[in-house]
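Coordinate analysis (summary)
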Amino acid sequence: MTPKVRVRFAPSPTGPLHMGGVRTAFFNYLFAKQHGGDFILRIEDTDSKRFVKGAEDYIMDALAWCGIRFDEGIREGGKYGPYRQSERKDIYLKYAMQLVENKHAYYAFDTPDELEEMRKRLEDEKSSVRQYNALTRGYMKNAYTLPESDVKARVEAGEAYVIRFAMPENEVVTMHDMIRGEISVNTNDLDDKVIFKSADGLPTYHLANIVDDHLMDISHVIRGEEWLPSLPLHVLLYRAFGWTDTMPEFAHLPLLLKPDGKGKLSKRDGDRLGFPVFPLAWTDPETGEKSSGYRESGYLPEAFVNMLALLGWSPGTEQEIFSTDELIQAFDMENISKAGAKFSADKAKWFNQQYLKVCEDGKLAEMFKPILLQNNIEINDDYLIKVIPHIKERIVLLTDFWEQAAFFFKTPVEYNQASLNKHWKADTTQTLLNLAERLNNIPENEFTAHHTEEVAKEFITQNNLGMGKVFNPLRLVLTGTGGGPHLFDIVELIGKSETILRIKQVRGL
RNA sequence: GGUCCAUUCGUCCAGGGGUUAGGACGCAAGAUUUUCAUUCUUGAAACGGGGGUUCGAUUCCCCCAUGGACUACCA
């Protein structure tokens, strides 16, 4: 019997979660749901120094906005809790001690300065070994070099210590990654990682991670490629604990890269290049520095995650638009690519546009209301819903709404200069006033797009005028801009009196 | 410096021992439209280099180059 699929997303609350993290969470979620498994949120806050206030809530809020739901976690609870490593503090020392006892780990007392000195010395010697391991630990202050009684005395006296994993010497470790296949590394190239530190009584990531994944019955670890180099350590840790038979499968996702230049996408890139890197806007509590978010920039969460899913994964077909449910069906670890993917802000916008085009009018109306309120427009639901079909194919981001549709809600106060120069001739004012008179004769209940257009066209033929010669300036006077939806749809929607009023404003031009 | 991972249009992906190497974004041109946007059509645009294996490699193998990640008492 294969064990139940249980995967986790394990962020560290050191700041807002960026889109790469969201993608990792999303792939975990898709994998879990596809296999009818559980998706767990575990907060890895074992670094007390880097804790950032608000980050944990941010992570949960951001994922909730994306539609990514956890089966177990801080807010959801669950029988494998607590889900915050700082609250599991008591667990880890015991496991660290277990390793010390069976000689897979040892005490070390080196100060930061001494460690720095060691690195410097090795570098000066041009040694290819620069790490604390079987080749170098014999020169350091630890349980290998100190008498056992001394070690015990130091620990009992409360001297600061760390527990290091005793990396075996010259052994080839072969691991399996679901995306990359077999990977081998010689332990001589690895180091005796610190797994526990007495200073705060907390484990480091490596220990906490393995212990918790084991205790929480995690079946698959799906994480970013930046973790690949520590996979051998993790595999060895499972072995040292005797947990190899229940060791999870590993999958290391390709990184999200900067659109320009090189390197992984970082929080600095977004606002530098004009796109958000975070799902939600964030203000750093320390520095007050603000970062923009996809939500605030006018993206739909469905579009955002759809875009993310296709960065580093492909369905093998040409389909690009997927609902989350379709993604759950289609997702496949085999089709994850191995190389990093450069993020494209243009493609992100395109996805959003596709979603906006098919979004229900009613839903859009709700999303546009706050924008209307911000612009001091009194909301008329019936009217708003009628306006939406005319603008939803014209916007890329929700935030484009006001720019594209303002004239539906208020009389233009200024006119696009380029369009004015192009279309405004000496006789235009009079022509439009004459047209207004004609339109004014149409009874209120016949003031439809179809009928007003007929009347206007008739007016043009009778006066021997060109369509463009009349319609372009009419559009300008009605909307203030050079573009927009079908002219007479605008006429019908804003209504007779407003149409006449706006035309009569031409006298001011 | 060391280790590991990667390499198909500018970008994201497909493909796979013999193909006109496919799609999408973006870009360009055209059609439609009173305008802008949409839509449609068309176009330019790629297998990093060198060795093998093979009748034949973009596809398999090796080397190189390039890129990336990691190399903390961070995660």
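A full pass over the atoms with the stated rule returns 36 salt bridges. Among the ionic pairs, R119 bridges to E116, the shortest N-O distance being 3.8 Å. Taken together, the residues R119 and E116, both in helix α4 (residues 112-124) and three residues apart, mark about one turn of the helix. Close ionic contact of E289 with R268 constitutes a salt bridge, the shortest N to O distance being 3.3 Å. A residue pair is termed long-range when its members are at least 10 positions apart, and E289 in the loop between β12 (282-283) and β13 (290-291) and R268 in helix α8 (residues 267-273) qualify at 21 residues. By relative accessible area, E289 is classed as partly exposed at 36%.

Moving on, we get to the sheet that holds strand β7 (residues 194-197). Across the sheet, which stays open at both edges, the four strands sit in the order β3-β4-β7-β8 with antiparallel pairing between neighbours. Looking at the sheet topology across the chains shown, the edges are occupied by β3 (105-108) and β8 (202-203). With two bridges connecting them, β7 and β8 associate as antiparallel partners. The residue of β8 that forms the bridge with F196 is P203.

Our next topic: the nonpolar core. Counting 114 residues, the largest nonpolar core has M19, F304, F408 and F409 as the members making the most contacts within it. Examining the composition of this core, we find that nine residues originate from one element, helix α1 (residues 19-34), more than from any other. Contacts of F408, omitting those with residues within four sequence positions, involve Y383, V387, H390, I391, P485, I490, L493 and I494. Grouped together as the second largest cluster of nonpolar side chains are 40 residues, A105, F196, M216 and L237 included.

Once that is clear, we can look at the pairing of strand β1 (residues 6-9). Of the two faces of β1, the one holding R6 and R8 and the one holding V7 and F9 are both buried throughout. When β1 meets strand β2 (residues 38-41), the two strands line up parallel, connected through four bridges. Across the sheet, residue V7 finds its bridge partner in β2, namely F39. Once the chain exits β1 it traverses α1 before rejoining the sheet at β2, and the crossover so formed is right-handed.

Considered domain by domain, chain A is made up of domain 1 (6-75 + 207-254), domain 2 (90-197), domain 3 (267-355), domain 4 (360-398) and domain 5 (417-508). On a C-alpha basis, the centres of domain 1 and domain 5 stand 61 Å from each other.

By nearness alone, 60 residues border RNA strand B, and D110, K262, G312, E320 and R394 come closest of all. Backbone atoms, meaning sugar and phosphate, make up 73% of the atoms of RNA strand B lying within 4 Å of the protein. At a separation of 2.6 Å, a phosphate oxygen of RNA strand B approaches a polar backbone atom of G312. L487 is positioned with one of its backbone polar atoms (N or O) 2.8 Å from a base oxygen of RNA strand B. Sorting the residues of the surface near RNA strand B by element identifies α4, β4 (162-165), β6 (181-186), β7, β14 (341-342), α11 (345-358) and α18 (467-479) as the ones contributing at least two each. Residue classes in the surface near RNA strand B are distributed as 19 nonpolar, 17 polar and 24 charged.

Another point: the packing of aromatic side chains. Evaluated as defined, the whole model comprises 27 aromatic pairs. Here the aromatic rings of Y238 and F250 are separated by 6.5 Å at their centres, their planes lie at 70°, and the arrangement is edge-to-face. One end of the pair, Y238, is in helix α7 (residues 231-241); the other, F250, is in strand β10 (residues 249-253), and 12 residues separate them in sequence. Ring pairing ties together the aromatic residues Y95, Y238, F241, W243 and F250, which thus form one cluster. Lying across the ring of Y80, R6 places its NZ or CZ 3.8 Å from the centre. In this structure, K347 packs its charged tip against the face of W350, placed 5.6 Å from the ring centre.

Criteria and cut-off values
- Residues numbered from 1 in each chain as written.
- Chains lettered and ligands numbered in written order.
- Predicted model: local features only at pLDDT ≥ 70, side-chain atom pairs only at ≥ 80, totals over all residues.
- Heavy atoms only, no water.
- Salt bridge = Lys/Arg side-chain N within 4 Å of Asp/Glu carboxyl O.
- Helix = DSSP H or I, 4+ residues; strand = E, 2+ residues; numbered from the N terminus.
- Buried < 20%, exposed > 50% of the residue type's maximum accessible area, 1.4 Å probe, protein only.
- Pairing = 2+ DSSP bridges.
- Core = buried A, V, L, I, M, F, W, Y, C linked by side-chain atoms within 4.5 Å.
- Contact = heavy atoms within 4.5 Å.
- Right-handed = clockwise from strand over helix to strand, strands pointing away.
- Domains from an automatic or database assignment.
- Near = heavy atom within 4 Å.
- Polar contact = N/O pair within 3.5 Å; in protein donor to acceptor, adjacent residues only side chain to side chain.
- Nonpolar A, V, L, I, M, F, W, Y, C, P; charged D, E, K, R; others polar.
- Phe/Tyr/Trp six-rings, centres within 6.5 Å; stacked < 30°, edge-to-face > 60°.
- Lys NZ or Arg CZ within 6 Å of the ring centre and 35° of its normal.

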